[in-house]
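Observations on the model geometry
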Amino acid sequence: MMSSVSKAFYLSAFSLFSLAFIQGQQKIPFGVVKAEDRYANVRVAKDNYRKIVGKIRMRKGDVFLYVKPAPGETEWLWIKYPDKEETEKPFVRYETLEKEGMVNKDRVAFIDQLPQYTPSKSKNGRSMIFTDNNNPKIPTAQRSKVIIDVYPSNASYRKQEKDAEGKLLTIDKIKPWGISNEIPEGMTEIKSIRVQQPGRGSVFVREAIKNMFQPTMDFNNINVAAIDNDNIFLYMINGSGENRYTTLWTIKEGRVANQIIYKNPE
């Protein structure tokens, strides 16, 4: 469960959008390592901005949350990023970002400043299709696609866990996103996310889309961006009011690798 401190941090991150330092960053405060030599050094900090306790290497395609320009620095950004385990798992969902430090701004890019895919909807209106049209020389049939299927939810029939005060804690043992203590009538959820690329393709594992309720169908709040065909990012701002949440999936070599998700009420 995210602490009140963590929530306050994420809300404060969104309040920084007006800074000239991140002009063009309109939707989400996520950045990604884009260094051509495949890594970026992060100066790991503790207690205060000036107490540097070490360095780590973030790899090309690793995602972080932008906080602010590093105090007293012109070429460095202050960021938060996931505390990754030494042994990588096939998929990880991060609901808190526990590490922080500084990264050189020349080695990173903001997600929604990367080349974006072109959005469209299926004829039945249930699927959102994002196509990489950035290189017109690639035949249409060979262009990468990410497809999100949204359908009415059957969550009301699933096992629910509530606390003594009636607060909804889990559905099928997983925290729900986009709803409060009651399941609203007509609620929708993400049913599947599919990646289509020449020579590869996959469907997101269930853990990557579990309990993602009230997903947006508004292209102002969702898109797909990419560094290259091996590093693709899908971001969404879902729900509304006090139940709004933001999520970003990292797609590595055609398969979902991890997800960052957090609540950010309007």
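Scroll up for the structure.
Remember, predicted model here, so these are calculated numbers, not experimental data.

**Quick word on the sheet that holds strand β9 (residues 118–121)**
Pairing within the open sheet is antiparallel, and its five strands lie in the order β9-β10-β11-β14-β15. Edge positions in the sheet fall to β9 and β15 (200–203), since each has one partner strand and no second. Recorded for the sheet is a direction-independent mean angle of 15 degrees between the axes of neighbouring strands. Pairing geometry for strand β11 (residues 145–152) and strand β14 (residues 188–197), over eight bridges, is antiparallel. Bridge pairing links Ile 147 to Arg 194 in β14.

**Overview of the pairing of strand β1 (residues 30–33)**
Burial along β1 is two-sided: the face carrying Phe 30 and Val 32 and the face carrying Gly 31 and Val 33 are both buried. In terms of strand pairing, β1 meets strand β4 (residues 63–69) through three bridges, oriented antiparallel. Within the sheet, the bridge partner assigned to Val 32 lies in β4 and is Val 63. In the sheet, β1 pairs with strand β8 (residues 108–110) via three bridges, with the strands oriented antiparallel. Considered in β8, the bridge of Val 32 is made with Ala 109.

**Overview of unusual backbone geometry**
A positive phi angle, close to 60 degrees, is found at Asn 211, a residue other than glycine. Within the secondary structure layout, Asn 211 lies in the loop between β15 and β16 (222–228). A relative accessible area of 0% places Asn 211 in the buried class. You will see that Glu 253, though not glycine, has its phi angle at about 50 degrees, which is positive. The topology assignment puts Glu 253 in the loop between β18 (245–252) and β19 (255–263).

**With respect to the side chain of Asn 264**
Turning to its location among the elements, Asn 264 is positioned in the segment after β19. A polar contact is formed between the side chain of Asn 264 and the side chain of Thr 246, at a distance of 3.0 Å.

**Section: the pattern of salt bridges**
Per the stated rule, a full pass over the model turns up ten salt bridges. Where salt bridges share partners, they join Arg 158, Glu 189, Lys 191 and Arg 206 into one cluster.

**Details of the nonpolar core**
With 26 residues, the main nonpolar core has Val 146, Ile 148, Ile 190, Ile 193, Phe 204, Leu 234 and Trp 249 as its most contacted residues. Only β10 (127–131), β11, β14, β16, β17 (231–238), β18 and β19 provide two or more residues apiece to this core. Apart from residues lying up to four places away in sequence, Ile 148 is in contact with Arg 126, Ser 127, Met 128, Phe 130, Ile 190, Ser 192, Ile 193, Ile 222 and Leu 234. Core analysis: the next-biggest nonpolar cluster, separate from the first, contains 17 residues, Leu 65, Ala 225, Ile 237 and Leu 248 among them.

**Details of the pairing of β10**
Within β10, four of the five residues are buried, which leaves the element mostly enclosed by the surrounding structure. Inspection of the sheet shows β9 paired to β10 by four bridges, in the antiparallel sense. Within the sheet, the bridge partner assigned to Thr 118 lies in β10 and is Thr 131. Turn length for the β9-β10 hairpin, with the two strands adjacent in sequence and antiparallel, is five residues, and the turn residue Gly 125 shows positive phi of about 75 degrees. Alignment of β10 against β11, held across five bridges, turns out to be antiparallel. Across the sheet, Ile 129 pairs through a bridge with Ile 147, a residue of β11.

**Considering the side chain of Asn 243**
Structurally, the position occupied by Asn 243 is in the loop between β17 and β18. Not counting the four nearest positions on each side in its chain, Asn 243 is found in contact with Gly 178, Ile 179, Ser 180, Asn 238 and Lys 263.

**Considering the sheet that holds β17**
The sheet built from five strands is open, its strands ordered β6-β19-β18-β17-β16 with mixed pairing. What marks the edges here is a single partner per strand, and that holds for β6 (92–94) and β16. Across the sheet, the mean angle from the axis of one strand to that of its neighbour is 15 degrees, orientation sign disregarded. Here β18 pairs with β19 via eight bridges, running antiparallel. Bridging across to β19, Thr 250 finds its partner in Asn 258.

Each value, and the rule that gives it
- Residues numbered from 1 in each chain as written.
- Predicted model: local features only at pLDDT ≥ 70, side-chain atom pairs only at ≥ 80, totals over all residues.
- Heavy atoms only, no water.
- Pairing = 2+ DSSP bridges.
- Helix = DSSP H or I, 4+ residues; strand = E, 2+ residues; numbered from the N terminus.
- Axes fitted to C-alpha atoms, helices over the stretch in contact; angles between N-to-C directions.
- Buried < 20%, exposed > 50% of the residue type's maximum accessible area, 1.4 Å probe, protein only.
- Polar contact = N/O pair within 3.5 Å; in protein donor to acceptor, adjacent residues only side chain to side chain.
- Salt bridge = Lys/Arg side-chain N within 4 Å of Asp/Glu carboxyl O.
- Core = buried A, V, L, I, M, F, W, Y, C linked by side-chain atoms within 4.5 Å.
- Contact = heavy atoms within 4.5 Å.

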